[in-house]
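Chain and residue survey
Below are the chains, spelled out letter by letter.
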Amino acid sequence: MSTVWEMKREAHTEQLPAILGFVDSACAGANLPEDVSFAVRLATEEACMNVVNHAYETGAPGPIAIRIERRPSDIVVTIADQGPPFLPASVPEPNFDMSAEDRALGGLGWHLIRQMMDEVHHEYDPAVGNSLTLVKRIPAHRDTTGACA
Amino acid sequence: MSLEISVERRAAATVVRIAGSVDGITADALLSALQEQLDAGHVHLVGDLVEVGYTSSAGLRSLLATVKLARQKGGDFRLAGATPAVHRVLELSGFTTILKMYAEVDDAVASFGS
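Residues numbered from 1 in each chain as written. Chains lettered and ligands numbered in written order. Predicted model: local features only at pLDDT ≥ 70, side-chain atom pairs only at ≥ 80, totals over all residues. Heavy atoms only, no water.

**Side note on the overall build of chain B**
Keep this limit in mind: In DSSP terms, a helix is any run of H or I states spanning at least four residues, a strand is any run of E spanning at least two, and both are numbered starting from the N terminus. We compute the radius of gyration from the C-alpha atoms alone; for a globule the expected value is 2.2 Å times N to the 0.38, where N is the number of residues. Between buried and exposed lies partly exposed: a residue is buried under 20% and exposed over 50% of the maximum accessible area for its type, with that area taken using a 1.4 Å probe on protein chains only. Per-residue and other accessible areas were derived by the Shrake-Rupley procedure at a 1.4 Å probe size, with only the shown protein chains allowed to occlude residues. Under the convention used here, Asp and Glu are negative, Lys and Arg are positive, and both His and the chain ends fall outside the count. A charge is said to be at NZ when it belongs to Lys, at CZ for Arg, at CG for Asp and at CD for Glu.
For chain B, the helix and strand inventory stands at four helices and five strands. Each helix and strand of chain B, ordered N terminal to C terminal, gives the series β-β-α-β-α-β-α-β-α. The C-alpha atoms of chain B give 12 Å as radius of gyration, which agrees with the globular expectation for 114 residues (13 Å, within 12%). Summarising its shape, the C-alpha atoms of chain B cover approximately 30 × 25 × 20 Å along the three principal directions. Looking at chain B as a whole, 55% of its 114 residues are labelled buried. Total accessible area on chain B is roughly 4,700 Å²; 47% of this is exposed by carbon and sulfur atoms. Charge-centre separation for chain B: the mean point of 10 positive side chains lies 8 Å from the mean point of 13 negative side chains.

**Examining the sheet that holds strand β2 (residues 63–70) of chain A**
Backbone-to-backbone hydrogen bonds join strands into a sheet, with any given pair of strands oriented parallel or antiparallel. Residues and elements named next belong to chain A. Just so we agree on the cut-off: Only when DSSP finds a minimum of two bridges between them are two strands counted as paired. With axes taken as lines fitted to C-alpha atoms, and helix axes fitted only over the stretch in contact, angles between N-to-C directions fall between 0 and 180 degrees. Contacts between residues were defined by any pair of non-hydrogen atoms, one from each residue, lying within 4.5 Å.
With antiparallel pairing, five strands are arranged side by side in an open sheet as β1-β2-β3-β5-β4. Strands at the two margins of the open sheet, each flanked by one partner only, are β1 (3–10) and β4 (119–125). Strand after strand, the sheet turns through a mean of 10° between neighbouring axes, direction not considered. Looking at chain direction, strand β3 (residues 74–81) and strand β5 (residues 129–137) are connected through eight bridges and run antiparallel. Within β5, the position partnered with V77 by the bridge is L134. Each of β2, β3 and β5 is contacted by helix α2 (residues 34–55), which is oriented at about 5° to β3, the strand it contacts most.

**A word on the layout of surface pockets**
To locate leftover empty space, one rolls a probe as large as a water molecule over the atoms. Rule in force here: Cavity means a closed set of points on a 1 Å grid over the protein atoms alone, one where a 1.4 Å probe fits but cannot get out, pocket means an open set with protein on both sides within 12 Å along at least 5 of 7 lines, and lining means a residue has an atom within 4 Å of a point. Grid points are joined across faces, edges and corners, and a volume is the space filled by probe spheres set on the points. Residues are grouped as follows: nonpolar covers Ala, Val, Leu, Ile, Met, Phe, Trp, Tyr, Cys and Pro; charged covers Asp, Glu, Lys and Arg; every other residue, Gly included, is treated as polar.
Empty space within the largest pocket amounts to approximately 900 Å³. What lines the largest pocket is a set of 44 residues, and nearest its centre among them are A:E46, A:M49, A:N50, A:N53 and A:H54. Broken down by secondary-structure element, the contributors of at least two residues to the lining of the largest pocket are α2, β3, α3 (109–116) and β5 of chain A together with α1 (27–39) and α2 (57–72) of chain B. Considered class by class, the residues forming the lining of the largest pocket number 22 nonpolar, 15 polar and seven charged. By volume, the second largest pocket is sized at about 310 Å³. Forming the boundary of the second largest pocket are 15 residues, of which A:E34, A:D35, A:S37, A:F38 and B:G53 lie nearest the centre. Every element with two or more residues in the lining of the second largest pocket is listed here: α1 (16–29) and α2 of chain A together with β3 (44–55) and α3 (84–92) of chain B. The biggest single contributor to the lining of the second largest pocket is α2(A), with five residues.

So, in structure tokens, the structure goes:
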């Protein structure tokens, strides 16, 4: 038994309220422990912002498709775009050995996705584009209020 | 996805109280509000995060930009009252070691007086 939320929009900043509103309401409606909901919302926002800001930098704007599936023991988010291949390995890790004055603004999105989710998979198929899958497990011994059972 | 920002002047610092979610939509408004204070000469700034339930990296960008600008102007931007979830995002992003953070707003304000 699972519940699925799906949306497809143009990956444009004008669509951000709709995209982030969708993510927010799916997380709120998925009956998740508070920390799991926070993590999924954050990782999904970061991934969507990456697509909106970078996927179509070099070409015509295209779509972003988001699918959120709440299964009994985990939640699976899939974010697809039709931009050029995204290379996760090419994203540098942020350097924390710097003062605030020297730190770059940004560059934290992908880092937070990796930190927040249990599994992160990326696939590129020339016929359909990029597909990023994020998985967060839901601890079995906890109820949805986040308290220990 | 709303954000409410209010400002309180105290003797040692200006407290900017932030309430709501700081995300890819609201982060720009937060940055504008904080920079407005710095531009007006209020360079001893405290960000009251007690009522911030969520922040993404867009919010962190606004906070870091404010710290940089405040320090350039001879002041600082210090944070207080982060909830455990927001504190974790700050920690995972290496912000807890480069920003001054306090559990209580009063302590953050007092830190400017010493």
